[in-house]
Amino acid sequence: MGGPKRKAPGGQDGAAPPAGAAKRARTEELTGVRFKAQLRDPQGAGPALEAFVSAAKKLPREDVYDVVEGYLKISVECAEIFQLLSGEKRPESEMLLIFQVFEAILLRTASDLSHFHVVGTNIVKKLMNNHMKLICESLYASGYRMARACLNLMAAMVTQGPEAARDVCSHFDLNKKTLYTLVTKRDSKGVHDVRLAYIQFALSFLIAGDDSTIAQVLELKEFIPCIFSSGMKEDRLSTINMLLSTLKTKVVHNKNITKTQKVRFFTGQVLNHIASLYSWKGIVDVSLESVETSAEDAGKTMVRELVHNFLMDLCCSLKHGINFYDASLGTSGRMNSLNEVDPGDWQKFVKTGLKFRYQDHAFLKALHAAVQLLYLPESSAHSRLTQLSVVHTMLTQHSLFLPTLLTAGEEETPGSPIREALVDLMSVAVRLCPSVCESSHFAVLLGAYGASLSVLDQKILLLLRAYEQNNHSLVSFRLLPWGPAAVEHQKTCQSLGKSLWQQPSVGDILRLLDPDRMMKTVLHFPQNRRLLPPEDTQEPIFKDRSMMDLSDLYDPCFLLHLFSELTRPEFVVDCRKFVDSNALGLTVTALSSYDAPMRAAAYSVLAAYYSQLEGARFREQPQVLYLLDVVRNGIRTKNMRLTFTLTLFIAKAALQILKPEEHMYLKVNKFLLSHEYLNMNKVPGFYQFFYSSDFEQKTEREWMFGLLRQGMRDKHCYELCARRGVLHVILSFFSSPLCDDVAQNWILEILQNAARDAKSAYEILRDYSLLTWILHILEGKFLETQLLSSLISLLHTLWVTTLGDRGAEAGEQPPRKPGSQEPPKLLALHLVDEFLYVLLVLTKHLRPALASTQLTSFFGALDSVLRYRATVLQAFRDMNRFTVNETVLSTRDALVLLHQWSLVERDVRLQEDLRAAAERCQVRELLKMLKDKNKPVGTARAKGPRGRKRRPGEAEEAVDPGLPASTLEACGGLLRSILTHWGPAFPDPEPESEGPGPGDAVTALVAGWVLRSAAASPLGRAETAGLLGWLRSRILPRPAVVADLLQDSAVASGVFRLYSRFCGAEGLAGPEQGAAGLFNAVMLQLGAAHGPPESRYRPMLEAVHLSSLNAEDAATRATAAFLVSLYIKDVWLGAQRPDTLLTHVRMVLDASEDVEGGDEEAVVRLCKDIAAAIPDT
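Keep in mind that this is a model prediction, so the values were computed, not measured.

In this structure, what is going on with the overall build of the protein? I would like to understand it.
A count of helices and strands for the protein gives 59 helices and zero strands. Total accessible area computed for the protein in this model is approximately 55000 Å², and 52% of it derives from carbon and sulfur atoms.

Printed below as a string of structure tokens:
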């Protein structure tokens, strides 16, 4: 039944040894009988289990007695081991050994002791039916060693066969996020760790399970994929080999696993993670024979071969792979191994990929990257590969080419990325192999072209230019339509033939232009767009994040070229349609471009159009002609750049000429007729229209406001307005009785547009005292929500633009130029204080009706101002400069901020606490706000900025039904950061007074809200550091405040929850270590007031805490911080003695006794110090 065995001393059937067996078990050979007897002895169970595990690791061997087989022969039910599980609760170390014993038995019954297979099956059933809860608790609630043992045991249970695998899969929850976290627990030295145990457990279902179990496991979203997404590049070579080999044989090559199941499992993310193994940097733990290079290089080569072969089978095999189209699939990470590509593999990849995955964006991107690399002239591989012209033909002659590229509609569609990838492939083929260009491609490309500034259309336009550079003229296509109209035109040509086909007229082409979209392009003209693509290495695709969606705008590069063709002398232009379609307006607006060739093209089109206009016959022809004369007479230099405001006036005037029914028709014509030339240094018609005495003066003023709002684009527009006193006029008009709410918002919009330029923003603040002007508006008793929103947006834009790149975290040095020794340039402190004061005054106007954007902008601006002010003050201290009035926020400011936030968040408890604090501290402004809040709406008679009565319902405008949770969380975080700049300024209570003073009550209120809010939100490192510094410097020195805070159970539990979340193992040893040390210091001080009165352990732990801050090596700091955290958690939870800390110290010291020689680790040294100071450990 088994191999030859060596008899144990005294005979195999001898009686069990008497007392003292526990000691002799370490030296005497263990037999099945002796093991069974020792398990019945309460004192001998632990050593016996340990000896069994140690002996089982050496089996099976011919020359060693097989204790596993010996025990199973005399105890088929393994009753003694199960008795240990069923009895009283065992120590963790003994539970660990029990699990390891079961693992050793199950591994043998599944392999060489297969004749005991029934025994293994019964063990699995008993464990699942009676002890699965215990295994799960041990898996998730214990340390790494126990988690590893549980995973190994469950893997051994699965290996008993398909039935066992099916039972474990059904009894154990494999779809649990807590389980997936175990895969991240790895050992830095690459030894057997929890991660490897998890991988073996996951793969055991593929190895031992039947097809239904494998399919069930593959359907789990994260069970196996989490292995790939958790740092597979650092795994050992043997682990990579085991993982890929198992997946290849049990999944990829498994005929009973359908392609659909494979596609669902091998998602784009999984494939990307597998492809990342091309840059594998793990440990080589297998012997590599016959290698001429180093083991590290040989290991990398081996992993690359494993990955390449796996991906080739998976992605290119018609028999086993996943090579049919599915939108969730991707191979964008693959041929990273392209320098050594096999020509056959390449041909197979291209052919199969284009056949089955033509509309897979990831595949097309991968093919594009590969072609760029493989077909370079200096590449030695391109001559052996499939000719690029053949690849291009396969791409363009595919049955899906036209349906994919010629998507109906000009707007962006979900298929645009695929179309863009196709154009990229065509472009790289044209660049590397110009012979692929054919004139027949023009019709297709024009059909796909939308004439917009979208990335796709820009790439198509570049591709058309590449065809022209390769001697394929577009002359015959210059009057052809584009987009869907081009497709229909091409169909008509093919059906009618050349004899009946007629070339479209200029009017037909102009009718393709959408006037609204043209006007949108005029208003948002891309002034930085280049007419010709850059010849240097700059990105040829135009991008502008400050502008709206570029796909909604026409591309002026295409339209100016089109207009230059339409206005040629041999064609007859519908000159009125040219104006009505906003083609003239766009051409004129191009004169404001920063690109000289763009302006030159626009001047050329205007000259050609002028020639056409002279011979045209329509009613408004004289006015349009005179308009162009006035503009031409005002241009003094060649290729002169006009200010955008001026070009917009000309475009709007041209359209107004076509609308004689409107009041502005007469006014604009009258203005033009009164001028021989357009003065390029003035805002045309500003004073005539703004100060008109006409009955329709409001209409004229609104027309001018529209010009200023839409025409304020850059610093040149600002200078034009500032030079002629325009800004003085509109700032004064804001307070006029003639200025209604709409006009006020328009003025603020003009100022905000001007403030987007840094120089303009600075000059507005300096020359117009804009902050003082805003402060005057805020002094009104009531501001409408729309006006308030505009003011917030203006202030936010002013601050962000003025600050520029000077921003820095509080306490950090502001940025300076690289290599410069000059002090960093700082904003003037008085300017920062002005911003701060205005924002604090604005605080009392906050209300729930404000939109999310405005609330975030306000709190963001206030927080940024406070942080920058702290940075400036710190810089002044570093330069030994004297500063006064370092106090930032007053108590009134803090309470008003909290009151307004309580209204936004609808926090009733906070409102009641604020009322009590305001009455106690006599904060009059807050008391008045609370009183006004409770007044009935109908009796409100407050007045607006100019003394007008409030309209019915104005007091309480429509409240937002509920701000998004993300907005509340973001604004709450900003408010916490703001309040950390406040500190209590009240004097300490008199010695004879009882209880905390009013200052302490306010401090407890503010600190309590900050801590409760922080506990409910995720905090970053910077926010946590600021919060802890504020607690340590402003709150903890006041014992009465601390005592008041800790009486609030919500605050106490919130602080502990925040500490537990931040000071985990990663926080104590990673980049958060500094903040964790500060948190420990805060918690030690709070713990002294919160925990039980004790002084025995505290001095020692304070010394350990100092080690966590001052030790030279990171390991000592991390270990000391961890030990302090154990003490803090015990004390905070009310324990009389820090049992968790003391238990950990004993375990470390016990484990260190088995380690011989070598330097002591930091944890051992610290634990010895603690044990020496505290004798009972």
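Text resumes after the structure shown.
Mind showing me how you'd approach the environment of S790 here?
Mapped onto the fold, S790 is located in helix α43 (residues 785-803). For the pair S790 and Q744, spaced 46 residues apart in sequence, the C-alpha separation works out to 9.2 Å. When residues no more than four places from it in sequence are discounted, the contact partners of S790 are N745 and L748.

Would you mind showing me how to read the packing of helix α23 (residues 416-432) against helix α25 (residues 455-469) here?
Packed helix pairs are specified by the crossing angle of their axes together with the interaxial distance, meaning the distance between the axes. The geometry of α23 relative to α25 is characterised by a closest axis approach of 10 Å and an angle of 20° between their N-to-C directions. Taken together, the axes of α23 and α25 are roughly parallel relative to one another. Of the two elements, α23 crosses α25, and the hand of that crossing is left-handed. Here α23 contributes R419, E420, V423, D424, M426, S427 and V430 to the contact with α25, which in turn contributes V455, L456, K459, I460, L463, A466 and Y467.

What is the right way to look at the side chain of S581 in this model?
For S581, the position within the fold is in the loop between α30 (575-580) and α31 (583-589). The class for S581 is buried, based on a relative accessible area of 0%. Within the structure, the side chain of S581 is placed 2.8 Å from the backbone oxygen of K577, a separation counted as a polar contact. At 3.5 Å, the side chain of S581 and the backbone oxygen of F578 are in polar contact.

What am I meant to see in the nonpolar core here?
By size, the foremost hydrophobic cluster in this structure holds 383 residues, and its most contacted members are F223, F266, W346, F563 and F859. The contact partners of F563, leaving out residues within four places of it in the chain, are L510, L513, M518, F578, A583, L586, T587 and V605.

Looking at this structure, how should I read α43?
Since the α-helix turns once every 3.6 residues, residues separated by three or four places project in the same direction. Taking 1.5 Å per residue as the helical rise, α43 with its 19 residues ought to reach 27 Å, and the 27 Å between its terminal C-alpha atoms agrees with that figure. In terms of burial, α43 is a largely internal element, 16 of the 19 residues being buried. The first or second residue beyond α43 is G804, which carries a positive phi of 60°.

What should I look at first to understand helix α6 (residues 92-109) in this one?
Between its first and last C-alpha, α6 extends 26 Å over 18 residues, near the 26 Å set by a 1.5 Å rise per residue. Of all 18 residues in α6, 14 are buried, a share of seventy percent or more.

What should I look at first to understand the environment of N129 in this one?
Within the element layout of this structure, N129 appears in helix α7 (residues 117-130). Since its relative accessible area comes to 55%, N129 is described here as exposed. For the pair N129 and H171, spaced 42 residues apart in sequence, the C-alpha to C-alpha distance is 8.8 Å.

Please clarify how the pattern of salt bridges should be interpreted in this entry.
Charged atoms that come close allow side chains of opposite charge to pair. Evaluated as defined, the whole model comprises 40 salt bridges. With a shortest N-O distance of 2.7 Å, R195 and D235 are connected by a salt bridge. Here D235 lies in the loop between α14 (225-228) and α15 (237-252) and R195 lies in helix α12 (residues 194-208), a separation of 40 residues in the sequence. Take R195 and D235: they sit in the same class, and that class is buried. Note that D863 is salt-bridged to R867, the shortest N-O span being 3.0 Å.

I would appreciate a short explanation of the packing of aromatic side chains in the present structure.
Each aromatic ring pair is summarised here by two numbers: the centre-to-centre distance and the angle between the ring planes. With the rule as written, the count across this model stands at 37 aromatic pairs. A centroid spacing of 6.0 Å and a plane angle of 85° characterise the contact between F201 and F223, whose relative ring orientation is edge-to-face. On the criterion of sequence distance, the pair formed by F201 in helix α12 and F223 in the loop between α13 (211-218) and α14 is long-range, its members being 22 residues apart. Both residues of the pair, F201 and F223, count as buried.

Explain unusual backbone geometry to me, please; I cannot follow it from the model alone.
Negative phi characterises most residues that are not glycine, and trans characterises most peptide bonds. Note the cis peptide between L59 and P60, where omega equals -5°. Phi at N582 takes a positive value of approximately 70°, unusual for a residue other than glycine. Its place among the elements puts N582 in the loop between α30 and α31. The buried category is assigned to N582, whose relative accessible area is 5%. One non-glycine residue, N639, lies in the positive phi region at around 55°. Structurally, N639 can be placed in the loop between α33 (621-634) and α34 (644-657). For N639, a relative accessible area of 24% gives the class partly exposed.

When you look at the environment of S760 in this model, what are you seeing that I'm missing?
Checked against the element boundaries, S760 lands in helix α41 (residues 758-768). Here S760 falls in the buried class, since its relative accessible area comes to 1%. When neighbours within four sequence positions are excluded, S760 is seen to be in contact with K715, Y718 and A754.

Explain the confidence of the model for the protein here, please?
If pLDDT is low for a region, its predicted coordinates should not be looked at in detail. With 85% of its residues at a pLDDT of 70 or more, the protein shows a mean pLDDT of 83. Low pLDDT (under 50) marks residues 324-334, which in the prediction has 46 contacts with non-local residues, meaning those over four places away or in another chain. This stretch, residues 936-960, has a pLDDT under 50; its non-local contacts, to residues over four places away or in other chains, come to 42 contacts.

Just checking my understanding: could you explain the side chain of R357 for this structure?
Tracing the backbone shows R357 in the loop between α19 (343-356) and α20 (361-374). Classification of R357 by relative accessible area gives buried; the value is 2%. Within the structure, R357 has its side chain in polar contact with the side chain of D360 (distance 2.5 Å).

Looking at this structure, I do not really get the packing of α15 against helix α18 (residues 295-316). What am I missing?
Contact pair α15 / α18: the axes reach a minimum separation of 11 Å and the direction vectors enclose 15°. The angle between α15 and α18 places the two elements in the roughly parallel class. Crossing geometry of α15 relative to α18 is assigned as left-handed. Residues L237, I240, N241, L244, L247, K248 and V252 of α15 form the contact with α18, whose participating residues are G299, M302, V303, L306, V307, N309, F310, D313 and L314.

Is there a simple way to think about the state of the cysteines in this case?
Summed over the entire model, instances satisfying the criterion amount to zero disulfides. Here C717 stays free of any disulfide, with the sulfur of C721 as its closest cysteine sulfur at 7.1 Å. By relative accessible area, C717 is classed as buried at 0%.

Here is what the cut-offs are and how they apply
Residues numbered from 1 in each chain as written. Predicted model: local features only at pLDDT ≥ 70, side-chain atom pairs only at ≥ 80, totals over all residues. Heavy atoms only, no water. Helix = DSSP H or I, 4+ residues; strand = E, 2+ residues; numbered from the N terminus. Areas by Shrake-Rupley, 256 points an atom, 1.4 Å probe, with all protein chains shown as cover. Contact = heavy atoms within 4.5 Å. Axes fitted to C-alpha atoms, helices over the stretch in contact; angles between N-to-C directions. Parallel < 35°, antiparallel > 145°, perpendicular 65-115°, else oblique. Left-handed = near helix turned anticlockwise from the far one by under 90°. Buried < 20%, exposed > 50% of the residue type's maximum accessible area, 1.4 Å probe, protein only. Polar contact = N/O pair within 3.5 Å; in protein donor to acceptor, adjacent residues only side chain to side chain. Core = buried A, V, L, I, M, F, W, Y, C linked by side-chain atoms within 4.5 Å. Expected span 1.5 Å × (residues − 1). Salt bridge = Lys/Arg side-chain N within 4 Å of Asp/Glu carboxyl O. Phe/Tyr/Trp six-rings, centres within 6.5 Å; stacked < 30°, edge-to-face > 60°. pLDDT = per-residue confidence, 0-100. Disulfide = S-S within 2.5 Å.

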